[in-house]
Amino acid sequence: MKMKIKTHQKSEKSDRIKAAQPSINLRSGSLTTATPRFGSTNGGDHPNPRGIKAYAAQTATASLGPFAIQRRDVGDNDVQIEILYCGVCHSDLHMVRNEWHQTVYPCVPGHEIVGRVTAVGREVEKFKEGDLAGVGCMVDSCRTCSSCEQGLEQYCEHGPVQTYNSEDKHLGGVTYGGYSKSIVVDEAFVLRVSDKLNLAAVAPLLCAGITTYSPLRHWKVSKGQKVGIVGLGGLGHMAVKFARSFGAHVVLFTTSPEKGADAIRLGAHEVVVSKDQGEMNKHLNSFDFILDAVSAEHDINAYLNLLKVDGTLTLVGLPEKPLGIAAFNLIGRRRQFAGSMIGGIAETQEMLDYCADHGIVSDVELISIDQVNEAYERMVKGQVKYRFVIDMASL
Ligand code: NAP
Ligand code: ZN
Ligand code: ZN
């Protein structure tokens, strides 16, 4: 899969604005000048007076609440989207609560965005006003490094521009995500969305979908393989659906025995309650591939021991604290321990098209924007069935 994206032409205006902006070291997470002003702009002195309704966290401990943001004017290659639905990813919660120690406040999360195109720039070819469109975890990348050349923009050597909490090269400050009424994104990072599927249930495909589809494809999960999925949350339930659809024998590991019946309905052949050591032991040395989508600290060694010779355990979960790996659990059977981050733009489109062809969507619980804080509390307790999606009409 190879895709070439047009190199972004920076306008004189954006250079001028950028020069006046705070410098944010996104790698170290340190903000080297003042944070954006509350209710005002994205941190720059952009003269655009329009306020777009959004929901933001002002600190790591505050609830999310109403906030006004700016979006850039529609440039030649840009697509303006009225956001209709936005999924709630556990990454939103990690970021809002500064669990990865890099959050710039105010923080407007949201990277599972679907909506309707309301305007397009002169050079836009893929979209027209009125089309459905999606935006996932990235809104730009360098487009010239070897990763970008290979369609792996998520691994851009200069760091992809994430949909939220990345440096905003147009307005200054940081990018703001999908808990908002609209967004403006270069068409190279906008996805086509089928009108055959329930739109609210498509939103989570933009992160939970691609984050599980990509590693299952990369490690060639297919018929005849025994595949484990760890954690039945937003990512986990999509992983179960995809692994089943790709023909594997699917075993779901959960800490929540009450999710067993749902796991089977979603496509798992077997369910193992991971606290039950006897049940775990029955699966020792038997898996070709395991995808770990757990959001919190847990014993990764328990799953490494379930891999057969040359089996792979791939981590997509991003717990706050490091995971300890016992070396013997890897070397004994030449096991592999890997990681994977979302997916490239072309692969995200491939996944969306696959879902449209196979009728795959997320199982969602639709909420209004003022329920988002409560939704976060339920997410921490593992009580999501299986993705919250915000109805943006409520904002
Ligand atoms: P989620 O919906 O909250 O699901 C996480 C699941 O993990 C829970 O439903 C629960 O499943 C299990 N779990 C939670 N606490 C646990 C604990 N203490 N011990 C064992 N299991 C526990 O979260 P999500 O949105 O799917 O995201 C999962 C993780 O992936 C997050 O860390 C997120 O930041 C990360 N993520 C990574 C990428 C990437 O590109 N790699 C993309 C998106 C998200 P059971 O009840 O079944 O045990
Ligand atoms: Zn996400
Ligand atoms: Zn790049």
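Preceding block: the structure.
So, a few notes on the structure that sits alongside this text. Quantities reported herein were computed from a predicted structural model and do not represent experimental measurements. (Residues numbered from 1 in each chain as written. Chains lettered and ligands numbered in written order. Predicted model: local features only at pLDDT ≥ 70, side-chain atom pairs only at ≥ 80, totals over all residues. Heavy atoms only, no water.)

Between its first and last C-alpha, helix H6 (residues 234-245) extends 17 Å over 12 residues, near the 16 Å set by a 1.5 Å rise per residue. Judged by how many residues are buried, H6 sits mostly within the fold: 10 of 12 residues are covered. Gly234, Leu235, Gly236, His237, Met238, Ala239, Val240, Lys241, Phe242 and Ala243 are the residues of H6 that are buried. Among the residues trailing H6, Gly247 stands out with phi positive, at a value near 100 degrees. (Helix = DSSP H or I, 4+ residues; strand = E, 2+ residues; numbered from the N terminus. Expected span 1.5 Å × (residues − 1). Buried < 20%, exposed > 50% of the residue type's maximum accessible area, 1.4 Å probe, protein only.)

Bringing the coordination of the zinc ion (ligand 3) into the picture now. The protein atoms donating to the zinc ion (ligand 3) are Cys142 (SG), Cys145 (SG), Cys148 (SG) and Cys156 (SG), with metal-donor distances spanning 2.3 to 2.4 Å. Of note is the zinc ion (ligand 3), whose four donor atoms meet at the metal with angles of 104 to 119 degrees in an arrangement that counts as tetrahedral. All donor residues of the zinc ion (ligand 3) come from one chain, and their arrangement in sequence is C-x2-C-x2-C-x7-C. Here the residue Cys142 occupies a position in the loop between strand E8 (138-140) and helix H3 (146-149), and Cys156 occupies one in the loop between H3 and strand E9 (161-162), the gap between them amounting to 14 residues. Given a relative accessible area of 22%, Cys142 falls into the partly exposed group. Residue classification places Cys156 among the buried positions, given a relative accessible area of 7%. (Donors = N, O, S within 2.8 Å, 3.2 Å for Na, K, Ca; no water. Tetrahedral: all angles 85-135°; square planar, octahedral: opposite > 155°, others 65-115°.)

Further remarks concern the coordination of the zinc ion (ligand 2). Note on the zinc ion (ligand 2): its protein donors are Cys89 (SG), His111 (NE2) and Cys207 (SG). The metal-donor distances range over 2.0 to 2.2 Å. Expressed as a motif, the donor residue spacing for the zinc ion (ligand 2) is C-x21-H-x95-C. With a gap of 118 residues between them, Cys89 in the loop between strand E5 (78-87) and helix H2 (90-96) and Cys207 in the loop between helix H4 (199-202) and helix H5 (208-218) connect regions that are remote in the sequence. Note on Cys207: relative accessible area 5%, which makes it buried.

On to the site of ligand 1. Every one of the 29 residues lining ligand 1 counts as a neighbour, but His90, Thr254, Thr255, Ser256 and Arg387 are closest to it. Here an oxygen atom of ligand 1 and a side-chain polar atom of Thr255 are 2.6 Å apart. Within the contact set of ligand 1, an oxygen atom lies 2.9 Å away from a backbone nitrogen or oxygen of Leu318. For ligand 1, the accessible surface in isolation is 920 Å², of which the surrounding protein chains cover 90%. Contributions of two or more residues to the shell around ligand 1 are made by H2 and H6. Considering each element in turn, the shell around ligand 1 owes the most residues, three residues, to H2. Looking at the shell around ligand 1 residue by residue, the classes come out as 13 nonpolar, 13 polar and three charged. (Near = heavy atom within 4 Å. Polar contact = N/O pair within 3.5 Å; in protein donor to acceptor, adjacent residues only side chain to side chain. Areas by Shrake-Rupley, 256 points an atom, 1.4 Å probe, with all protein chains shown as cover. Nonpolar A, V, L, I, M, F, W, Y, C, P; charged D, E, K, R; others polar.)

This part covers the packing of H5 against helix H11 (residues 345-358). Contact geometry for H5 and H11: axes closest at 10 Å, N-to-C directions at 100 degrees. As judged from the angle between their axes, H5 and H11 are roughly perpendicular. Here H5 contributes Gly209, Ile210, Tyr213, Ser214 and Arg217 to the contact with H11, which in turn contributes Glu347, Thr348, Glu350, Met351 and Tyr354. The residue inventory of the contact of H5 with H11, partitioned by class, reads four nonpolar, three polar and three charged. (Axes fitted to C-alpha atoms, helices over the stretch in contact; angles between N-to-C directions. Parallel < 35°, antiparallel > 145°, perpendicular 65-115°, else oblique. Contact = heavy atoms within 4.5 Å.)

On to the pairing of strand E3 (residues 52-56), then. Of all five residues making up E3, four are buried, and the element is well covered by its neighbours. Pairing analysis gives five bridges linking E3 to strand E4 (residues 65-69), with the strands arranged antiparallel. Considered in E4, the bridge of Ala54 is made with Phe67. (Pairing = 2+ DSSP bridges.)

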